[in-house]
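# Overview (structure and organization)
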Amino acid sequence: MTHTATTPSLVIIGAGPGGYPAAYLAADYGMEVTLIDKDPNPGGVCLYRGCIPSKALLHVSNILNDANSASEWGVQFDSPKIHLPSIRKQKDKIVSRLTNGLGAMAKQRNVTFMQGTAKFLDESTVRVSKTGDEPVDFTFDYAIISTGSHPSPLPGLDITDPRIMDSTSALELDEIPQSLLVIGGGYIGLELGSVYSALGSDVTVVEMANRLLPEVDPDLVKPLQSKLETTFTSILLETSVEDVSNDGDRLSVVMRSILGETTTDSYDKILVAVGRKPFSADLGLEMTNVKIDQNGFIDTNAQCKTAHNNIYAIGDVAGNPMLAHKATAEARIAIESIQGMTSSFDPAAIPAIVFTDPEIAWAGLTESQAKAKGISVETISFPWIASGRAMTVGHTDGLTKLVVEPSTQRVLGVGVVGYGAGELIGEGVLAIEMGSRVEDIALSIHPHPTLSETISEAAHLFFGHNPHYIQRK
Ligand code: NAD
């Protein structure tokens, strides 16, 4: 069957946080839009198997952590009882409310949503296949590839066992294993490791780099690492997994440290969280002149356009950082470019957040990046131990940091570690994008008592005058 649309038509492959905003904006501009995804509704990995379910589960771990620390505040709870089916139900309810809502939004905008797997037949036709149905071919004037990414497997791990989870199966929360080995101390490993730890698992993290979250400034990671050293059973750095084998009820794991020492231990379950790979295979891209790089990312320009004039690519499949909000921002650029506007994707800051306890968030230039690129910067940090608000919410294990261009005193980067850091970083993004100088932040009156004050406190400290903190020389 062939479906030929009246022009201008747009076919979007992948309905995640890149694809669905692109579809809805294009429809608002009056284009005829077909949005294709394997899932029953728009939402993508972010809503079905990523950001949303993981944040729902991290909320559960925060509830448990709050209950456990309540006695310090004179409130005594009984030991929390965990009812796994109810946790799963609540998480799934949030996912289906959001994804059903997006499905309804597609209908309201007259976007045709097709469930199935899409493949390019040539540079103007996409075929959508769904088991049990006849394939449907769509011709298009424009196409956007927003197929996202999938978890990377662990190289050399050649056993398949349901006890070896990736982020998708870990979020299903089938059971709480007594012991869990998390391979990879990045975003997913630490977020999901925190969830399982709060729910009662003994969690060990093995990370091949010499620290957790190797891409994040070490001073921001330090408070998190100190906390995780008390909640996780063990954190093994500069260590990699050599072999995993079936050991009856458990999985036997051989690990090798950078010094060459080999240890063998066994675990009930393993979570592999060693990064994600772009979803660019099996799309029929060889039938087009869309180019992919050696890492599988689709090559695009600042308009999110591929090597083909009418085919765009956005989100994880088009390059790092693999973050939902970067995909959404690119969606706008792609649609505006299709509309003939002169839009470019050129952000000064893409914020990133690790939703652990404490959270870590950063935007713009990091101190580590500045060092690596030989860019001279000044940094200033305000410790949360001096924040009244941090003390009243029992979370003084934080730090707010500004990365400043010395010659202009412009704020190039902001980093925060601490309770709710993810909610604070938006101000950092605005400051960087607006070209703010440190003085602009210092002179902007921040509300008291709030954690947002730590941003202006850092700015005051930059000039050497802070009523709440004296910096040791
Ligand atoms: P990641 O890149 O954050 O972390 C992977 C870690 O695994 C790295 O620290 C790496 O050094 C380590 N590693 C790699 N191979 C290893 C090995 N063989 N043994 C031990 N350690 C090994 O990747 P991730 O945690 O899988 O997350 C993937 C992406 O998903 C992230 O980069 C991010 O873009 C996105 N994500 C974002 C959020 C968020 O925004 N909060 C949450 C989850 C995922």
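Here we summarise the structure given alongside this text.

### Remarks on the side chain of Thr-306
In this fold, Thr-306 is placed in the loop between strand S18 (276–278) and strand S19 (311–313). A relative accessible area of 7% means that Thr-306 is categorised as buried. Separated by 2.7 Å, the side chain of Thr-306 and the backbone oxygen of Ile-311 make a polar contact. Non-local contacts of Thr-306, meaning those with residues more than four positions away in its chain, are made with Val-290, Ile-298, Asp-299, Thr-300, Ile-311, Tyr-312 and Ala-313.

### Section: unusual backbone geometry
That bond from Asn-320 to Pro-321 is cis: its omega, -5°, falls within 30 degrees of zero. Structurally, Pro-321 can be placed in the loop between S19 and helix H8 (324–338). Phi at Leu-213 is positive, roughly 40°, even though this residue is not glycine. By the element assignment, Leu-213 lies in the loop between strand S12 (202–206) and helix H7 (218–231). A relative accessible area of 4% means that Leu-213 is categorised as buried. Here Glu-238, not a glycine, exhibits a phi torsion of approximately 50°, which is positive. Turning to its location among the elements, Glu-238 is positioned in the loop between strand S13 (234–236) and strand S14 (239–247).

### Observations regarding the site of the ligand
Inspection of the region around the ligand gives 20 residues, with Ile-188, Glu-207, Gly-275, Met-322 and Ile-353 positioned closest. Within the backbone of Ile-188, one N or O atom sits 2.8 Å away from an oxygen atom of the ligand. Ile-353 is positioned with one of its backbone polar atoms (N or O) 2.7 Å from a nitrogen atom of the ligand. Protein contact buries 81% of the 850 Å² of open area that the ligand shows by itself. A per-element tally of the shell around the ligand places helix H6 (residues 187–198) first, with three residues. Its residues assigned to classes, the shell around the ligand comprises 13 nonpolar, three polar and four charged.

Parameters and conventions
Residues numbered from 1 in each chain as written. Predicted model: local features only at pLDDT ≥ 70, side-chain atom pairs only at ≥ 80, totals over all residues. Heavy atoms only, no water. Helix = DSSP H or I, 4+ residues; strand = E, 2+ residues; numbered from the N terminus. Buried < 20%, exposed > 50% of the residue type's maximum accessible area, 1.4 Å probe, protein only. Polar contact = N/O pair within 3.5 Å; in protein donor to acceptor, adjacent residues only side chain to side chain. Contact = heavy atoms within 4.5 Å. Near = heavy atom within 4 Å. Areas by Shrake-Rupley, 256 points an atom, 1.4 Å probe, with all protein chains shown as cover. Nonpolar A, V, L, I, M, F, W, Y, C, P; charged D, E, K, R; others polar.

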